[in-house]
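For reference, the chains in residue letters:
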Amino acid sequence: MEYSRDDYKFPEAYVEGIESDVYMIVYKDRGSYRLSEKPGEPLSLGRTIYEQALTLTIDLEKAETKRHVAVRVPWKNNRAMLLEPGARVVLYEVSGVQAVFYAHEGDDLRRGDVLAYVLTGKGETRTIRVQEEATVFYIAWIPGTQPPRYIAVLADPESLIILREEA
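Here's what I pulled together on the structure shown here.

**Focus: the sheet that holds strand S12 (residues 114-119)**
- Taking strand neighbours across the sheet as the criterion, the three strands line up as S10-S12-S13 in an open arrangement whose pairing is antiparallel. For this open sheet the edge positions go to strand S10 (98-101) and strand S13 (125-129), each flanked by a neighbour on one side alone. Each neighbouring strand pair of the sheet contributes to a mean axis angle of 20 degrees, computed without reference to strand direction.
- Note: S10 against S12, four bridges, orientation antiparallel. Bridging across to S12, Ala-99 finds its partner in Val-118.

**What to know about the packing of aromatic side chains**
- Within the structure shown, the criterion is met by three aromatic pairs.
- Between the aromatic rings of Tyr-50 and Tyr-138, the centroid separation amounts to 4.7 Å while the plane-to-plane angle is 40 degrees, which identifies the pairing as tilted. Here the residue Tyr-50 occupies a position in the loop between strand S4 (43-48) and helix H1 (53-57), and Tyr-138 occupies one in strand S14 (residues 134-141), the gap between them amounting to 88 residues.
- Looking at Tyr-50, the relative accessible area reads 12%, which means it is buried.
- Over the ring of Tyr-27 we find Arg-30; its NZ or CZ atom is 3.9 Å from the centre of that ring.

**Focus on the sheet that holds strand S8 (residues 79-83)**
- Read around the barrel, seven strands follow the order S1-S4-S2-S3-S16-S8-S7 and close on themselves; strand pairing throughout is mixed. On average, each strand axis in the sheet is inclined to that of its neighbour by 35 degrees, with strand direction left out of account.
- In the sheet, strand S2 (residues 23-27) pairs with S4 via four bridges, with the strands oriented antiparallel. Bridging from a neighbouring strand, Val-26 pairs with Leu-43 of S4.

**Quick notes on the nonpolar core**
- Of all hydrophobic cores here, the largest spans 23 residues; its most connected members are Leu-54, Val-71, Leu-83, Phe-137, Tyr-138 and Val-153.
- For this core, the elements supplying multiple residues, two or more each, are strand S1 (12-16), H1, strand S7 (69-73), S8, S14 and strand S15 (149-155).
- Beyond its immediate sequence surroundings of up to four residues, Tyr-138 is in contact with Tyr-50, Glu-51, Gln-52, Ala-53, Leu-54, Val-71, Glu-105, Ile-151, Ala-152 and Val-153.
- The next biggest cluster of nonpolar side chains, apart from the first, holds 15 residues, and it includes Leu-115, Val-130, Val-136 and Leu-154.

**Overview of the environment of Val-153**
- Inspection of the secondary structure assignment puts Val-153 in strand S15.
- Distance in space between the C-alpha atoms of Val-153 and Glu-133 is 13 Å, their sequence separation being 20 residues.

**Some points on the side chain of Ser-44**
- Relative to the assigned elements, Ser-44 resides in strand S4.
- Among the residues examined, Ser-44 registers a relative accessible area of 18% and is labelled buried.
- Those residues within four positions of Ser-44 in sequence are excluded, and the remaining contacts are Glu-16, Gly-17, Tyr-23, Met-24, Ile-25 and Pro-39.

**Details of a nonpolar patch on the surface**
- Together, Met-1, Tyr-3, Tyr-8 and Phe-10 give the surface a local cluster of nonpolar side chains, amounting to about 620 Å² of exposed area.
- Its relative accessible area of 59% is what places Phe-10 among the exposed residues.

Analysis parameters
Residues numbered from 1 in each chain as written. Predicted model: local features only at pLDDT ≥ 70, side-chain atom pairs only at ≥ 80, totals over all residues. Heavy atoms only, no water. Pairing = 2+ DSSP bridges. Helix = DSSP H or I, 4+ residues; strand = E, 2+ residues; numbered from the N terminus. Axes fitted to C-alpha atoms, helices over the stretch in contact; angles between N-to-C directions. Phe/Tyr/Trp six-rings, centres within 6.5 Å; stacked < 30°, edge-to-face > 60°. Buried < 20%, exposed > 50% of the residue type's maximum accessible area, 1.4 Å probe, protein only. Lys NZ or Arg CZ within 6 Å of the ring centre and 35° of its normal. Core = buried A, V, L, I, M, F, W, Y, C linked by side-chain atoms within 4.5 Å. Contact = heavy atoms within 4.5 Å. Patch = residues over 30% accessible without salt bridge, like charges linked within 9 Å, V, L, I, M, F, W, Y side chains within 5 Å. Areas by Shrake-Rupley, 256 points an atom, 1.4 Å probe, with all protein chains shown as cover. Salt bridge = Lys/Arg side-chain N within 4 Å of Asp/Glu carboxyl O.

What follows is the structure in structure tokens.
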């Protein structure tokens, strides 16, 4: 079996106020976006290193967004999820010898659904279940943590603005 670049698709994070080589120009009124090499109107978000979007956009103490942030999800037909400043989020810390996410960015979850499975240092498997109805907005690995630690950011589907890519 041969592998290609298309076999490795990852979500992308776009943040308000970030300079970049690629920008997401957001048209909230028509529920769409386009990618551009230059910032533009009405709302321009710069692409950032995925893991850095957590500290740039989420206030971990207040559990809310600090600025506009969008996550573009290739396995959802390049749809993007946008959160506005002040949007409330739910945070889950997932840490263990090994963590396997069962839910991914763009997935809708109901109370009791599995977010991830974690292998503990004692060789036990723990199940991380969500306690609310939410959409997985963003999952970030915290660099340099041992065992690996992740923060999953879940959003109320009502606060998400879903954007389609313009042709």
